[in-house]
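Fold and contact review
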Amino acid sequence: MPAADRPRAAPAALDRRDLAWVVDKVVEILVFVGGVSAIVFIIGIFVFITGQGLGFITARLDPREFFGTTAWRPTSEVHPTYGILALIAGTASVTGLAMIVAVPFSLGAAIFIAEFATGKVRETLKVLVELLAAIPSVVWGFVGLSIMNPLIIDLFDVPVGLNVLNAGIILGLMAAPIMTTIAEDALKAVQDGYREAAEALGATRWQVIFKVVLPAAKNGLAAAILLGVGRGFGETMAVLMASGHSINLPTSVFDSVRALTATVAAELGETAVGSEHYRALFTIGIFLFMVTFLINLTADLIIRGTGSKR
Amino acid sequence: MFAPTSLNARNRRTQKLVKLLFLLMTLLLVLPVLMILGVLVARGGPMLSVEFLLTQPTKGMTAGGIFPALIGTVWLVAVALLVSVPVGVAAAVYLSEYAPENWLTRTINLAIINLAGVPSIVHALFGVGAFVLFFGFGTSILAASLTLAIMTLPVVIVATREALQAVPKAFREACWNMGATRWQTIRRVVLPNSISGILTGIILEVSRTAGETAPIMFTGAAFFLPFLPQSVFDQTMAMSLHLFVISTQVPGVPEGLPYGVALVLVLMVLAMNALSIGFRMWLRGRKKW
């Protein structure tokens, strides 16, 4: 609307309910819907997987059997049993080993990138870490299957190379980039004033790092580790392909195991929609959702905690 | 006068050692990637040819090319982007330009973190429950792409929000002072100044979407289809699932074939990532404020 057509009275001139105003309001509503969509989706995920799994939870689920026994025999015709303890043990052992591999290396890498490296070296390392994160999980699984498998058989003289060791190393390499990036952010967030004050007192670089920077960044570092655990816990394809996928309570790193995520991925295609087995797999999905939700929530609270103190 | 004491010398030695140790740890982290790439290139490289890219798999997927899988991945990524880009950019615009500091914004941020953190197989279950069954799309490109779109939404949101927030506040204030509405300011000033950053995020999302396997396994990707998809309601083959299938489900696959598929997949993904990184560096060099 041209300005001349608008009413001339002073208060009305400030009241510009023209086309631009209407468009502005519409856009505000649209982007608000976009913003809220994330919440809608996360609730949707919970509602839909619960919707499919609920039949199993109400009709069949016995928590003591589900969480306390190791017999996962959903396809038995006589007496199907649904115990996920061995699957939990599989996920836990692989994730645990992955963290043993990934935590020292990714914290070390984060310290090097944040505190020592400068200029080109720093940029190159950051790019390499980013590329490490870009490799798809099915490719990691393939690496476990065709490169690590024969390597482990040769090196350790074991009959099968698809085991906790294989999946743990693969998962460690997969979780490392995200941990390195978040840990580096946490170290960068420590104010330079802390470092300068320590150096002014005569501390060397590594004394500054160990006595000042690491303690100051410990919450962020804890969050980094926690998110790495979440990543390992939820990883599907790589674990399915590298862990051997056999139900076991592992006693050594050379035992094959089966993970929660891998079980769902391997079996969902073979079940009839609405069957007990199908609903049991969704129940595992609900469990996975809740655990990762808790991990992410805790990590978020920890990070927020460090933020508010500064 | 300033001769180093033995303490100084010892400190310097320790410092050098510590630095070396951390460098070593960093290298041990990145070296495996380079080694893996090396092996993939060495064993998969001989497979690569125009024919490999442009022909059907034959003999029960033990020979031939990867054309339908390649085209299928393009379909899946394209449809997923059609959904996730508008929704993701809208969400980022809201969070960066409108959202007040309140519980709702905090909840949105928490939801975004969780969307990124929920296991991919749980996204797959959601896709089955919501898109395949509830909305009745069946196992189709549409169902698979929607699942992928929701899963990779955080990538777009986070990258776009960062790009928007990199535009100085003064730009907006100048525009508001001229009497522009919020949306006019965003469209004429904020978006043009951040569009390259947003593109970087979208390229990154393409890379993520192309590599995912679990979310499409039960929602729309098929083990083997002798024809190309004609619409979003068809099933399709996909590169990532094809690699899984020929390396675990099909007997008698010649050793080089899966390496060839893995190499093409990795090259696709890394090329996208390299493009995104290059774009970002070029931007940083060009920035005027």
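Note that this is a predicted model, so its numbers are computed, not measured.

Another point: the overall build of chain B. When its secondary structure is counted, chain B shows 11 helices and two strands. A globule of 289 residues ought to have a C-alpha radius of gyration of about 19 Å, yet chain B, at 24 Å, is considerably larger. The dimensions of chain B, computed from C-alpha atoms along their principal axes, are 80 × 65 × 35 Å. Split into buried and exposed, the 289 residues of chain B put 51% on the buried side.

Turning our attention to the overall build of chain A. Along its length, chain A carries 13 helices and two strands. In terms of C-alpha radius of gyration, chain A reaches 26 Å, well past the compact-globule figure of 19 Å for 310 residues. In terms of overall dimensions, chain A has C-alpha extents of about 85 × 65 × 35 Å along its principal axes. Each of the 310 residues in chain A was classed as buried or not, and the buried ones make up 47%. The long-range share in chain A, meaning contacts at least 24 apart out of those at least 6 apart in sequence, stands at 71%.

This paragraph deals with the interface of chain B and chain A. Contacts between the two partners involve 69 residues from chain B and, on the opposite side, 74 residues from chain A. Looking at which element gives the most residues to the side of chain B that touches chain A, the answer is helix α1 (residues 6-44) of chain B, with 16 residues. Taken together, the residues of the side of chain B that touches chain A break down into 49 nonpolar, 18 polar and two charged.

Turning our eyes to something else, we now look at helix α6 (residues 141-165) of chain B. Over its 25 residues, α6 of chain B runs 34 Å from end to end, which matches the ideal 36 Å to within 8%, given 1.5 Å per residue. Taking the largest bend as the criterion, α6 of chain B deviates by roughly 45°, centred on T152 of chain B, and proline P154 of chain B comes between one and four positions later.

Glancing now at the nonpolar core. Core analysis: the largest hydrophobic core is formed by 191 residues, its most contacted members being V139 and I170 of chain A together with L76, L243, A262 and L265 of chain B. The leading source of residues in this core is helix α4 (residues 85-116) of chain A, at 18 residues. With residues up to four places along the chain from it excluded, the contact list for L243 of chain B reads V138, V139 and F142 of chain A together with P258, V261, A262 and L265 of chain B.

A few words now on the environment of L240 of chain A. Residues and elements named next belong to chain A. Examined against the element boundaries, L240 turns out to sit in helix α11 (residues 237-242). Judged by the 29 C-beta atoms lying within 10 Å of it, L240 falls in the buried class. Sequence-wise, L240 and A266 are 26 residues apart; in three dimensions their C-alpha atoms are separated by 7.7 Å. Apart from the residues within four sequence positions on either side, L240 is in contact with G141, H245, A262, A265 and A266.

With respect to the helices and strands, L23 of chain B occurs in helix α1. Note: C-alpha distance between L23 of chain B and N11 of chain B (12 residues apart in sequence) is 18 Å.

All names here are of chain A. Although it is not a glycine, D157 adopts a positive phi angle of roughly 55°. With respect to the element layout, D157 can be found in the loop between α6 (137-156) and α7 (164-188). On the basis of neighbour counts, which here come to 7 C-beta atoms within 10 Å, the residue D157 falls in the exposed class. Phi at H245 takes a positive value of approximately 55°, unusual for a residue other than glycine.

A word on the environment of E77 of chain A. Residue and element names in this part refer to chain A. Inspection of the secondary structure assignment puts E77 in the loop between β1 (72-73) and β2 (81-82). Looking at E77, the number of C-beta atoms within 10 Å reads 6, which means it is exposed. In this structure, the C-alpha to C-alpha distance between E77 and V213, residues 136 residues apart in sequence, is 60 Å.

Relative orientation of the contacting elements helix α2 (residues 19-59) of chain A and helix α4 (residues 103-117) of chain B amounts to 55°, with a least axis distance of 8 Å. The pairing of α2 of chain A with α4 of chain B is recorded here as oblique in orientation. In terms of crossing hand, the pair formed by α2 of chain A and α4 of chain B is left-handed. From α2 of chain A, G35, V36, A38, I39, F41 and I42 of chain A reach across to α4 of chain B, where they touch T107, I108, A111, I112, N114 and L115 of chain B. Tallied by class, the residues present in the contact of α2 of chain A with α4 of chain B amount to nine nonpolar, three polar and no charged.

For the rest of this paragraph, the subject is helix α10 (residues 239-248) of chain B. With respect to burial, α10 of chain B is a largely interior element, nine of its 10 residues being buried. Taken together, the buried positions of α10 of chain B are M239, S240, L241, H242, L243, F244, V245, I246 and S247 of chain B. Check the buried side of α10 of chain B and you find it contacts α6 and α11 of chain A together with α3 (67-98), α8 (182-211), α9 (214-217) and α11 (256-286) of chain B.

Right, let's talk about the packing of α6 of chain B against α8 of chain B for a bit. All names here are of chain B. In contact at an axis separation of 8 Å, α6 and α8 are set at 150° when each is read in the N-to-C sense. Taken together, the axes of α6 and α8 lie roughly antiparallel to each other. The interaxial crossing formed by α6 with α8 has right-handed handedness. Of α8, the residues touching α6 (which contributes L148, T152, V155, V156, A159, T160, E162, A163 and L164) are V190, S194, G197, I198, T200, G201, I202, L204, E205, R208 and T209. Across the contact of α6 with α8, the residue classes tally to 10 nonpolar, seven polar and three charged.

All names here are of chain B. Considering every residue of chain B, the mean pLDDT works out to 89; 98% of them sit at 70 or more. Looking across chain B, the model is least confident in strand β2 (residues 63-64), with a mean pLDDT of 82, and most confident in helix α5 (residues 120-134), with 94. Across the whole predicted complex the pTM is 0.89, and at the interface the ipTM reaches 0.89.

So, how was this worked out
- Residues numbered from 1 in each chain as written.
- Chains lettered and ligands numbered in written order.
- Predicted model: local features only at pLDDT ≥ 70, side-chain atom pairs only at ≥ 80, totals over all residues.
- Helix = DSSP H or I, 4+ residues; strand = E, 2+ residues; numbered from the N terminus.
- Rg over C-alpha atoms; globule rule 2.2 N^0.38 Å.
- Buried ≥ 20, exposed ≤ 12 C-beta atoms within 10 Å, placed from the backbone.
- Contact = placed C-beta atoms within 7 Å.
- Nonpolar A, V, L, I, M, F, W, Y, C, P; charged D, E, K, R; others polar.
- Expected span 1.5 Å × (residues − 1).
- Bend = angle between axes of the 7 residues up to and from the residue.
- Core = buried A, V, L, I, M, F, W, Y, C linked by C-beta atoms within 7 Å.
- Axes fitted to C-alpha atoms, helices over the stretch in contact; angles between N-to-C directions.
- Parallel < 35°, antiparallel > 145°, perpendicular 65-115°, else oblique.
- Left-handed = near helix turned anticlockwise from the far one by under 90°.
- pLDDT = per-residue confidence, 0-100.

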